[in-house]
Amino acid sequence: MSAATTRSRIPDRLCAEAVDLARAAAEEAAAPGVVGEHVGVVSDGDRVVTHFFECKELGYRGWRWAATVARASRAKTVTLDEVVLLPGPDAVLAPEWVPWSERLRPGDMGPGDLLPTDAEDLRLEPGFTGEDALPPNSALSHEMAELVEAEDAEVTEEPPARLPSAPARGSIPAVAEELGMRRARVLSRYGLHAAADRWEEAYGSKTPMAQAAPASCVSCGFLTPIGGSLGQAFGVCANEFSPADGRVVSLAYGCGGHSEAAVMPKPPRPAPPVIDETRVDPFPLRPSADSGSVPATTDEESAELGHS
Ligand code: SF4
């Protein structure tokens, strides 16, 4: 027995000595030639012992053939219990299986992919679908109907049959629609917080870009406001030169493209020309006879011209 590993419990002596029985069983279960050295023995209980043999199969590095043997109380004959292939401490194993819904990462979805949303998705909660609207015989809805009828008569000249089938003004469905709640499900409080945390992390005040920015988005002309409660802390950047163009940014975010933070420098203006009035530039009326070019003027001639 080589490099035998034992637990605190001492293996039964007769079972521990039954290495040949265990090897024969392992070789019978495995393909020929893949059962290697005996690498350990452990006690699994009273008179129950498992022998481990190295697995020499190429695809199973670190795995071990485990042959469990046992004997009855007061019996001297050891018998085979079972043979299995088990991973050892250094075995190469496949990563733990993860359900697809937990494996999915932002950006994994492609064109045509469908992503079912769990009915119990914590990010969503029921919206207003009209199912819990007031019953028609409710005093409130009756009063409201009259009020709406009177208002509609004043405001619109369209015949009622041509009006779109939108909820009546002032009714609960109309208010729900105005608030953007008239959908089967809407963002829950948890969903709102999760989105705000994500956006804050990506385009928030703690990013290096915001830390180095001359001013924050809240005062930038490129910031487009968004509705809903998230609009109190976020907007959409509409500066094509900003790294956040088209992204939801925190009002505390900022970048060097801030509309007011840096003033465009004015182009330099050339200095006005300087006229030297102490010197006379000669302009001969005729070119010199030999070269056809304007003759050079000596200093004396310049002086004479200047005095004349
Ligand atoms: S340009 Fe810069 S400062 Fe202005 S909204 Fe976009 S990210 Fe914010």
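Above: the structure in question.
Please read these numbers as outputs of a predicted model, since none were measured by experiment.

The rules we used
- Residues numbered from 1 in each chain as written.
- Predicted model: local features only at pLDDT ≥ 70, side-chain atom pairs only at ≥ 80, totals over all residues.
- Heavy atoms only, no water.
- Salt bridge = Lys/Arg side-chain N within 4 Å of Asp/Glu carboxyl O.
- Helix = DSSP H or I, 4+ residues; strand = E, 2+ residues; numbered from the N terminus.
- Polar contact = N/O pair within 3.5 Å; in protein donor to acceptor, adjacent residues only side chain to side chain.
- Pairing = 2+ DSSP bridges.
- Axes fitted to C-alpha atoms, helices over the stretch in contact; angles between N-to-C directions.
- Contact = heavy atoms within 4.5 Å.
- Phe/Tyr/Trp six-rings, centres within 6.5 Å; stacked < 30°, edge-to-face > 60°.
- Patch = residues over 30% accessible without salt bridge, like charges linked within 9 Å, V, L, I, M, F, W, Y side chains within 5 Å.
- Areas by Shrake-Rupley, 256 points an atom, 1.4 Å probe, with all protein chains shown as cover.
- Buried < 20%, exposed > 50% of the residue type's maximum accessible area, 1.4 Å probe, protein only.
- Near = heavy atom within 4 Å.
- 1 Å grid on protein atoms, 1.4 Å probe; cavity = no way out; pocket = protein on both sides within 12 Å on 5 of 7 lines; lining within 4 Å.
- Sits in = over half its atoms within 2 Å of the grid points.
- Nonpolar A, V, L, I, M, F, W, Y, C, P; charged D, E, K, R; others polar.
- Core = buried A, V, L, I, M, F, W, Y, C linked by side-chain atoms within 4.5 Å.
- Points joined across faces, edges and corners; volume = space filled by probe spheres on them.

**Looking at the pattern of salt bridges**
Tallied over the entire structure, the rule returns 5 salt bridges. One salt bridge connects Asp 46 with Arg 9, and the closest N-O pair in it is separated by 3.2 Å. One end of the pair, Asp 46, is in the loop between strand 1 (35–45) and strand 2 (48–55); the other, Arg 9, is in the segment before helix 1 (13–17), with 37 residues separating them in the sequence. Two residues, Asp 12 and Arg 71, come together in a salt bridge whose shortest N-O distance is 2.9 Å. With a gap of 59 residues between them, Asp 12 in the segment before helix 1 and Arg 71 in the loop between strand 3 (63–70) and strand 4 (79–87) connect regions that are remote in the sequence.

**Thoughts on the side chain of Ser 43**
Looking at where Ser 43 falls in the secondary structure, it is placed in strand 1. Reaching out from Ser 43, the side chain makes a polar contact with the backbone oxygen of Gly 45 at a distance of 3.3 Å.

**Thoughts on the sheet that holds strand 2**
Backbone-to-backbone hydrogen bonds join strands into a sheet, with any given pair of strands oriented parallel or antiparallel. Strand order in the open sheet formed by 4 strands is 1-2-3-4, with antiparallel pairing between adjacent strands. The open sheet terminates on both sides in strands that have one partner only, identified here as strand 1 and strand 4. If you compare each strand with its neighbour and ignore which way they point, the axes differ by 20 degrees on average. Where helix 2 (residues 19–29) meets the sheet, it contacts strand 1, strand 2, strand 3 and strand 4, and its direction lies at approximately 115 degrees from that of strand 1.

**Quick look at the packing of aromatic side chains**
Under the defined criterion, the tally for this structure stands at 3 aromatic pairs. Here Tyr 60 and Trp 63 contribute two aromatic rings whose centre-to-centre distance is 5.3 Å and whose plane-to-plane angle is 90 degrees, an arrangement assigned as edge-to-face. For the pair Trp 199 and Phe 234, a centre-to-centre distance of 5.5 Å together with 85 degrees between the ring planes defines the contact as edge-to-face. Placement of the pair is Trp 199 in helix 6 (residues 189–202) and Phe 234 in strand 8 (residues 234–237), with a sequence separation of 35 residues.

**Some remarks on a nonpolar patch on the surface**
Side chains of Trp 100, Leu 104, Met 109 and Leu 115 sit close together on the surface and give an oily, nonpolar patch of about 380 Å² of accessible area. For Leu 104, a relative accessible area of 32% corresponds to the partly exposed category.

**Looking at the site of the ligand**
Lining the immediate environment of the ligand, one finds Cys 217, Cys 220, Leu 223, Cys 237, Asn 239, Ser 242, Tyr 253, Gly 254, Cys 255, Gly 257 and His 258. Among the detected pockets, the ligand sits in the largest cavity. Here the residues of the shell around the ligand sort into 6 nonpolar, 5 polar and no charged.

**Here's the deal with the nonpolar core**
Ranked by internal contacts, the top residues of the largest apolar core, which has 18 residues, are Val 35, Phe 53, Trp 65 and Val 69. Where this core is concerned, the elements lending two or more residues are helix 2, strand 1, strand 2 and strand 3. Apart from the residues lying within four places of it in its own chain, the contact partners of Val 35 are Arg 23, Ala 26, Glu 27, Ala 30, Phe 53, Glu 54, Lys 56 and Trp 65. Among the nonpolar cores identified, the runner-up in size contains 8 residues, and Cys 217, Leu 223, Cys 237 and Val 249 belong to it.

**Observations concerning the pairing of strand 1**
Looking along a regular strand, one sees side chains alternate from face to face of the sheet. Counting buried positions along strand 1 gives 8 out of 11 residues, so the element sits mostly inside the fold. Across 7 bridges, strand 1 lies against strand 2 in antiparallel orientation. Note that in strand 2 the partner of Val 41 across the bridge is His 51. Counted along the chain from strand 1 to the antiparallel partner strand 2, the turn is 2 residues long, and its residue Arg 47 has a positive phi close to 60 degrees.

**Here we look at empty space enclosed by the protein**
Throughout the structure, instances matching the rule amount to 1 cavity of 30 Å³ or more. A volume near 100 Å³ is recorded for the largest cavity. Cys 217, Cys 220, Cys 237, Ser 242 and Cys 255 are, among the 15 residues lining the largest cavity, the residues nearest its centre. Across the lining of the largest cavity, the residue classes break down as 9 nonpolar, 6 polar and no charged.

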